[in-house]
Structure formats: structure tokens, C-alpha cells
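Survey of secondary and tertiary structure
Each chain is listed here by its residues.
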Amino acid sequence: MGTVTVTPEEWKFVFFDGATIAAITEKLLGEIGLDCDVRIEVDETTPLGRARLASVDPVVIAAESGAFEDAKRPRHLSERATADVVGKWLFRVADRRSGSFDDAPPDDELSLAQTTAWDTYAVGRMARLGYPVQRQRRLYHFRNRHGFSDTADAVFDRLWHADGLGWADIDAACAETEPTRTPVG
């Protein structure tokens, strides 16, 4: 198994523990079946919650501290939020390394619909690993990008319960919901 590095090593603005973040990441690596080094870079200077996959090789997940924060205890680490964020991105790494996502555009070129569909696929797999994910929140987010329709709900359910998909499947799911989406004006 690869090594996990968390930065910063010393926390000045939040009450996080790098060893806990590393342990969560190591557990996820084993469950997802990835054998690679991972660097988690936390920007503790902002309470915002954006996280992104900064690099697939080497694996670098960059997160603002709010992404890992306990909503009920500001500036404290939430193991649940950390697993949710890191797990989603590690599934994205596994997908990109599988060969089935070779045609996927870089993350910064994905449409909002494509990003949301891929997130649904990743978080659905997190749920099947036994992690407490917020399915209704994800469904609402999916509907915002794919339309509030029976078609969008069926596509969501298919992505949520799927295994072994490739980029063509994600792209086809987006094409399926396109006719039912409300144009953003």
C-alpha cells in the first residue's frame, strides 16, 4: 500500500489531526483497491469547503479546511466529511486509472452535468462500502443539474447503484437527461 502525506504538518487555524486524515485515507485506499501514494493538501486559512483532485499521478487532493470540517463544531475535523470528500476523489482516481475513463476530459473541462453524474457514481459506491452518505442531498444536487424529472431520477438511481461504468456511460447518462433539463437563463 502507498503512503499518505497530509499537509500542513502543524495546524495553526483549525483543530485537525493529520494522522486521522491519513488513517481515513489509508482505509479508503484499501477498500477502493488503490495502491498509490496520496498527498492531502489542506488550506487551513479558509473556512470554505472546496476540494479538488489536483493531480492523478501523483495523487494530490487539495481541500479547503471547510471540506473536512464538522458543521456543528467549527474548526474541528469531521471524520465523516473527510471520508466523504477523500473517498469521492479516490474513486475518481480509480476510475481514471481503470482505462475505462481514458476519454474523460480533465476535471476542469467537465460540464456541471458531467461532474454531478460522475460524483453520483462515486458517492453511490461510497454508500455501498458502508459510509454514511447523504443520498437525498446528492439527488437534489443531481436534479439541479439534470432536471427535476422522472428521467433524471431514473438516471440518478442507475448511476448510484452502478459498478464498472466507464466514461462513455457517464457521458451517455448526461445525454439522456439533456432533453429534460431546464435551460439556465
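Structure report, in brief. Because the structure is a prediction, the values reported are computed rather than measured.

On to the nonpolar core. If you look at soluble globular proteins, the nonpolar side chains tend to sit buried side by side. Membership of the largest hydrophobic core comes to 57 residues, with the highest contact counts inside it found for Leu28, Ile40, Phe68, Leu90 and Ile170. Among the elements that take part in this core, helix α2 (residues 79–97) stands out by supplying eight residues, more than any other. With near-sequence residues (within four places) excluded, isoleucine 170 lies in contact with Phe101, Gln114, Ala117, Trp118, Tyr121, Leu159 and Leu165.

Here helix α3 (residues 112–128) is 17 residues long and its end C-alpha atoms lie 24 Å apart, about the 24 Å a rise of 1.5 Å per residue gives. Burial within α3 is extensive, with 13 of its 17 residues counted as buried. Of the residues flanking the end of α3, it is glycine 130, one or two places downstream, whose phi is positive at about 100°.

A separate point is the pattern of salt bridges. Summed over the entire model, instances satisfying the criterion amount to 13 salt bridges. Residue arginine 135 pairs with aspartate 157 through a salt bridge whose shortest N-O separation is 2.4 Å. Placement of arginine 135 in helix α4 (residues 135–146) and of aspartate 157 in helix α5 (residues 150–160) is noted, with a sequence separation of 22 residues between them. Classification of aspartate 157 as partly exposed rests on a relative accessible area of 31%. Within the structure, one salt-bridge network assembled from shared partners comprises Lys88, Arg92, Arg96, Asp107 and Asp119.

If you walk through the whole model with that rule in mind, you get one cavity of 30 Å³ or more. In this structure, the largest cavity encloses a volume near 30 Å³. Together, Arg80, Ala83, Asp84, Met126, Tyr131, Pro132 and Val133 line the largest cavity. For the lining of the largest cavity, the element with the highest residue contribution is α2, accounting for three residues. Grouping the amino acids of the lining of the largest cavity by side-chain chemistry returns five nonpolar, no polar and two charged.

What follows deals with the sheet that holds strand β3 (residues 51–56). Taken in spatial order, the four strands line up as β1-β2-β4-β3 in an open sheet, and their pairing is mixed. A single partner strand is all that each edge strand has here, and the edge strands are β1 (4–7) and β3. Across the sheet, the axes of successive neighbouring strands diverge by a mean angle of 15°, strand direction being ignored. Of the strand pairs in this sheet, strand β2 (residues 38–43) and strand β4 (residues 59–64) are connected by six bridges, and their pairing is parallel. When the bridges of β4 are listed, valine 42 appears paired with alanine 63.

Rules used throughout
- Residues numbered from 1 in each chain as written.
- Predicted model: local features only at pLDDT ≥ 70, side-chain atom pairs only at ≥ 80, totals over all residues.
- Heavy atoms only, no water.
- Core = buried A, V, L, I, M, F, W, Y, C linked by side-chain atoms within 4.5 Å.
- Buried < 20%, exposed > 50% of the residue type's maximum accessible area, 1.4 Å probe, protein only.
- Helix = DSSP H or I, 4+ residues; strand = E, 2+ residues; numbered from the N terminus.
- Contact = heavy atoms within 4.5 Å.
- Expected span 1.5 Å × (residues − 1).
- Salt bridge = Lys/Arg side-chain N within 4 Å of Asp/Glu carboxyl O.
- 1 Å grid on protein atoms, 1.4 Å probe; cavity = no way out; pocket = protein on both sides within 12 Å on 5 of 7 lines; lining within 4 Å.
- Points joined across faces, edges and corners; volume = space filled by probe spheres on them.
- Nonpolar A, V, L, I, M, F, W, Y, C, P; charged D, E, K, R; others polar.
- Pairing = 2+ DSSP bridges.
- Axes fitted to C-alpha atoms, helices over the stretch in contact; angles between N-to-C directions.

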